[in-house]
Amino acid sequence: MTDDAPEILWRPDETTVQQARITAFAERAAREHGVTVDTYEQLWRWSTEDLPAFWGTIVDHLGVRFHEQPREVLGSAEMPGASWFPGATLNYAEHALWPREGGGDDDVAIVAVREDGRRVTRTFGELRADVGRARAGLLELGVGFGDRVVALAPNTVETLVAFLAAASLGAMWSSCSPDFGPRAVVDRFAQIEPSVLVVVDGYLYNGKSYDIRGTVAELREQLPTLRATVAIDYVTEGAWDGQDDVVGWAAFTDHDGAEPAVDPVSFDHPLWILYSSGTTGLPKGIVHSHGGIVVEHLKSLALQHDLGPEDRFTWFTTTGWMMWNLLISGLLVGSTVVAFDGSPGHPDLDVLWKMAADEGVTVFGTSASFVQSCLKAGLVPKDGFDLSAVRSIGSTGSPLSPEGFDWIRDAVGADIQIASVSGGTDVCAAFVGVSPWVPVWRGEISCRALGAAVEAFDPQGEPVVDEVGELVITRPMPSMPVMLWNDPEGSRMRESYFEDFPGTWRHGDWIRITPRGSLVIRGRSDSTLNRGGVRMGTAEFYEVVESFDEVLDSLVIDTSGLEGARDGGELLCFLVLAEGVTFESVEGDLKKALRSQLSPRHVPDRFLVVDDIPRTLNGKKSEVPVKRILAGTPVEKAVSKDALRNPEALETVVARARD
Ligand SMILES: CC(=O)CC(=O)O
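On a predicted model such as this, the values are computed, not experimentally measured, just so you know.

Trainee: Mind showing me how you'd approach the overall build of the protein chain here?
Mentor: Along its length, the protein chain carries 22 helices and 35 strands. Its C-alpha atoms give the protein chain a radius of gyration of 24 Å, near enough to 26 Å, the size a compact globule of 659 residues would have. Its C-alpha atoms give the protein chain principal-axis dimensions of roughly 70 × 65 × 55 Å. Taken over 659 residues, the protein chain has a buried fraction of 63%. Long-range contacts, defined here as pairs at least 24 residues apart, represent 71% of the contacts in the protein chain between residues at least 6 apart. Accessible surface computed for the protein chain: about 24,000 Å², of which carbon and sulfur atoms make up 45%. The protein chain carries 58 positive and 97 negative side-chain charges, and their two centres are separated by 3 Å.

Here's what the structure looks like:
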């Protein structure tokens, strides 16, 4: 495959480079380690070849506060099982509440905005005091080191306070968004046997109010290990009044003057438990450590995104997606975290742009599907709002189409860095993303993240350039899971990531690394389109189909190789069409575009028009569950319907495929 470099949409100017935090870091690395790191490629190479030097410089330069000093940086580099900073103790909460750069008591730590306009703020001083009180509340409930505190709560101040309080005393945290159905929550929380559950009475979404007290009651019945439920009035004042078996937030935090102390824990002590998407059988509990997350998030936010105390940082997410965990880590670098709770489309698609303008957001993150919706709606936010503070637009969740890049440049701002990033829940980080040193090419992710030894492997395990291959990580990263829950022998961990290429992390995405070092993600490798030996990621297919204004959404499934598949396997394309559009009116053009832009083999055997595409609660297309169901896996094993945004869409898609 040849590489014709696409158009450059953003290029750092000299001042940006000079003032970037990564520049001071690279100068220090050069000085202390005698390395030449004048280009990003050189810096990245050093960061992945000399892991002890790189991560050792990170902790010094970015101010990681160890209570006990580590004996060394990397005790063992073997994967799985790498041992980072053995002997060291620290605490994530200390880094969030007393960030190294800035974080003066009166600086705003968090602004929480709800879709109905409710706005709550806390300065760093206030946040520390709140966390001190909540910590005392947890201690009073008997929560201790290693216990699990879980929350069914939105992206708002109390959730952050409860999390930091739990982390401060070495308890593990896990959260689900309040719109998760009861089964999805039980599937996640029951396995980790929590001591305390933090809940809200309800939530607002799309202009409607949802009461979840029934879900909470159901949940409590199914969590026999609970010692207490802490209940927040979020939608209705007094919602929990008269319910004696819960502790109201006011009573829970009624500990004036309690010290916001933190207990140092070992580097690998569990901080939180995240979950795999929940669409492939029971969710896997992914455990990340205090130390791994502190160093990875400091590196990512300070050096890749250049975030600091002067920034106001938002990423549209719920508490059930790892982007929440990354968002709140904005505190580690002293930034103000701007948290939004509600629908990004209520009252209309302007809501997040308005918030960005009102709050002076500098780094605005969202999902590729939100960008796509804005594009399709013909939105031009720069005409309606003052977005002059915004210097970077982040996008993740699925690959951002080249048209999405164009839209950001044309409709939001031509001088904005487009931060298309990709990684995963499994490492609570982005392997690939941006840097203040590297341009943005249309349709491409700018660079591999420092410390992330990303390669594209062919099936023989050989690295390839400018060809689509399996995304692998060949050296350990500190934020790789310290364990999977209920996996004492580590067999599930090995099966999940290390089976295909022993000693190397296989992530499950297709990726192409260009000769420039930029990257293109081509979709999940477990939902590959394999047509007569030509393998292609689904993202390439969506890029073509969804570039049609007539197509609002789509899903492609390759049934070849599945037992019982019709005609030995078909390529099925489900389409959601714009109002008034008939399939016949676009059929010819669609087929022509797929034939010419992908290959004749990638023209679907059947197009099926549906009303909606099944998506997870985090907005990802449910390709793998559909494929599994069509392969004969019982629905309840293939997917937790509660983990889907629209389970009825799954039923329709499966029924249409079987028609
Ligand atoms: C950084 C990411 O990888 C986020 C996601 O797509 O889940």
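Trainee: Any chance you could explain the nonpolar core here in plain terms?
Mentor: A general trend in soluble globular proteins is that nonpolar side chains are found buried together. Core analysis: the biggest nonpolar cluster contains 127 residues, and Y92, F163 and L164 have the highest contact counts within it. Both domain 1 (8-91 + 270-524) and domain 2 (108-263) contribute no fewer than three residues apiece to this core. Not counting the four nearest positions on each side in its chain, F163 is found in contact with Y92, W173, L271, W272, W324 and I328. With 38 residues, the next largest nonpolar core counts F583, V626, L630 and V654 among its residues.

Trainee: Before we go on, may I ask you to explain helix α17 (residues 491-498) in this structure?
Mentor: Note on helix geometry: an α-helix contains 3.6 residues per turn, so any two residues three or four positions apart are oriented the same way. Along α17, the residues classified as buried are M493, Y497 and F498. Down the axis of α17, the smallest arc covering the buried residues is 70°, so these residues share one side. In this structure, the buried side of α17 is in contact with β16 (285-289), β28 (483-484) and β29 (505-513).

Trainee: Help me out: how do you make sense of the pattern of salt bridges in this one?
Mentor: Where charged atoms from two side chains of opposite charge approach closely, those side chains can pair. Counted under the stated rule, the structure contains 35 salt bridges. For the salt bridge of R606 with E570, the shortest nitrogen-to-oxygen distance reads 2.9 Å. With R606 in strand β35 (residues 606-609) and E570 in the loop between β33 (551-558) and β34 (571-577), this residue pair connects regions lying 36 residues apart in the sequence. Grouping residues by exposure puts R606 and E570 together as buried. Beyond isolated ion pairs, a larger network of salt bridges with shared partners links E7, D406, R409, D410 and R442.

Trainee: Would you mind going over the sheet that holds β35 with me for this structure?
Mentor: Backbone hydrogen bonds are what pair the strands of a sheet, in a parallel or an antiparallel way. Judged by pairing direction, the sheet is mixed, and its three strands sit side by side in the order β33-β34-β35 without closing on themselves. Two strands bound the open sheet, and with one partner strand each, they are β33 and β35. With direction set aside, neighbouring strand axes in the sheet form an average angle of 20°. As judged from the seven bridges shared by β33 and β34, these two strands associate in the antiparallel manner. Bridge pairing links L555 to F574 in β34. Seen against the sheet, helix α20 (residues 623-630) touches β33 and β34 and runs at an angle of roughly 45° to β33.

Trainee: Quick question: what am I supposed to make of helix α13 (residues 351-359) here?
Mentor: Those residues of α13 not exposed but buried are V351, L352, W353, M355, A356 and E359. Backbone geometry just after α13 places G360 at a positive phi near 65°.

Trainee: How should the domain arrangement of the protein chain be read in this particular structure?
Mentor: Interface extent is often summarised as the accessible area lost during association of the parts. Partitioning the protein chain into structural domains gives domain 1 (8-91 + 270-524), domain 2 (108-263) and domain 3 (537-658). Across the contact, 21 residues belong to domain 1 and 25 residues belong to domain 3. Carbon and sulfur atoms supply 52% of the area buried between domain 1 and domain 3, which totals about 1,600 Å² over both sides. Linking domain 1 with domain 3 are one salt bridge. When the shortest N-O distance is used, the salt bridge between E543 and R522 registers 3.3 Å. Linking domain 1 with domain 3 are six residue pairs in polar contact (both at pLDDT 80 or more). The set of elements that each furnish at least two residues to the side of domain 1 that touches domain 3 consists of α14 (368-376), α16 (402-412) and β30 (519-524).

Trainee: In this structure, what is going on with unusual backbone geometry? I would like to understand it.
Mentor: The bulk of non-glycine residues show a negative phi, and the bulk of peptide bonds are trans. Across the junction of M79 and P80, the peptide omega takes the value -5°, indicating a cis bond. Summarising the element assignment, P80 is placed in the loop between β2 (74-76) and β3 (83-84). A cis amide bond links H346 to the next residue, P347, at an omega of 0°. Among the structural elements, P347 can be located in the loop between β18 (336-341) and α13. Although it is not a glycine, E193 sits at a positive phi angle of roughly 50°. Counting through the fold element by element, E193 comes out in the loop between α8 (182-189) and β9 (196-200). Even without being glycine, D306 reaches a positive phi, approximately 55°. Topologically, D306 is positioned in the loop between α11 (290-304) and β17 (312-315). The buried category is assigned to D306, whose relative accessible area is 15%.

Trainee: Looking at this structure, I do not really get the environment of G569. What am I missing?
Mentor: Looking at the secondary structure, you find G569 in the loop between β33 and β34. When its relative accessible area of 15% is taken as the criterion, G569 is described as buried. For G569 and T559, which are 10 residues apart along the polypeptide, the C-alpha to C-alpha distance reads 4.7 Å. When residues no more than four places from it in sequence are discounted, the contact partners of G569 are T559, S560 and D605.

Trainee: It is not clear to me how the site of the ligand should be interpreted in this structure. Could you clarify?
Mentor: Around the ligand, the neighbouring residues are W321, M322, M323, T396, G397, S422, G423, G424 and K620. Between the ligand and G423, the relevant distance is 2.8 Å, taken from an oxygen atom to a main-chain nitrogen or oxygen of the residue. G424 has a polar backbone atom sitting 3.2 Å from an oxygen atom of the ligand. Relative to its free-state accessible area of 240 Å², the ligand is covered by the protein chains to the extent of 94%. A per-element tally of the shell around the ligand places strand β22 (residues 422-424) first, with three residues. Per-class residue counts for the shell around the ligand are three nonpolar, five polar and one charged.

Trainee: Looking at this model, I keep getting lost on the UniProt feature "domain: Acetyl-coenzyme A synthetase N-terminal" (unreviewed entry) in the protein chain. Mind explaining?
Mentor: UniProt records the feature "domain: Acetyl-coenzyme A synthetase N-terminal" (unreviewed entry) at residues 40-96, using the numbering of this structure. Structurally, residues 40-96 comprises 46% helix and 12% strand, and the distance from its first C-alpha atom to its last is 28 Å.

Trainee: What exactly am I supposed to notice about the pairing of strand β7 (residues 148-152) here?
Mentor: One face of the sheet, then the other: side chains in a regular strand alternate in exactly this way. In terms of burial, β7 is largely enclosed, as five of its five residues are buried. The side-chain alternation of β7 yields two buried faces, one formed by R148, V150 and L152 and the other by V149 and A151. For the segment spanning β7, helix α7 (residues 157-168) and strand β8 (residues 172-176), crossover handedness is right-handed. Of the strand pairs in this sheet, β7 and β9 are connected by four bridges, and their pairing is parallel. The residue bridging L152 from the neighbouring strand is V199, located in β9.

Trainee: Is there a simple way to think about the pairing of β35 in this case?
Mentor: In this sheet, β35 lies alongside β34 in parallel orientation, the contact comprising four bridges. For F574, the partnering residue across the bridge sits in β35 and is L608. As for the winding sense of the linkage, the β-α-β connection from β34 through helix α19 (residues 583-597) to β35 is right-handed.

Conventions we followed
- Residues numbered from 1 in each chain as written.
- Predicted model: local features only at pLDDT ≥ 70, side-chain atom pairs only at ≥ 80, totals over all residues.
- Heavy atoms only, no water.
- Helix = DSSP H or I, 4+ residues; strand = E, 2+ residues; numbered from the N terminus.
- Rg over C-alpha atoms; globule rule 2.2 N^0.38 Å.
- Buried < 20%, exposed > 50% of the residue type's maximum accessible area, 1.4 Å probe, protein only.
- Contact = heavy atoms within 4.5 Å.
- Areas by Shrake-Rupley, 256 points an atom, 1.4 Å probe, with all protein chains shown as cover.
- Lys, Arg positive; Asp, Glu negative; His and termini not counted.
- Charge placed at Lys NZ, Arg CZ, Asp CG, Glu CD.
- Core = buried A, V, L, I, M, F, W, Y, C linked by side-chain atoms within 4.5 Å.
- Domains from an automatic or database assignment.
- Arc of directions from axis to C-beta.
- Salt bridge = Lys/Arg side-chain N within 4 Å of Asp/Glu carboxyl O.
- Pairing = 2+ DSSP bridges.
- Axes fitted to C-alpha atoms, helices over the stretch in contact; angles between N-to-C directions.
- Buried area = accessible area lost by both parts, 1.4 Å probe.
- Polar contact = N/O pair within 3.5 Å; in protein donor to acceptor, adjacent residues only side chain to side chain.
- Near = heavy atom within 4 Å.
- Nonpolar A, V, L, I, M, F, W, Y, C, P; charged D, E, K, R; others polar.
- UniProt positions renumbered as here; feature names shortened; annotations may be inferred.
- Right-handed = clockwise from strand over helix to strand, strands pointing away.

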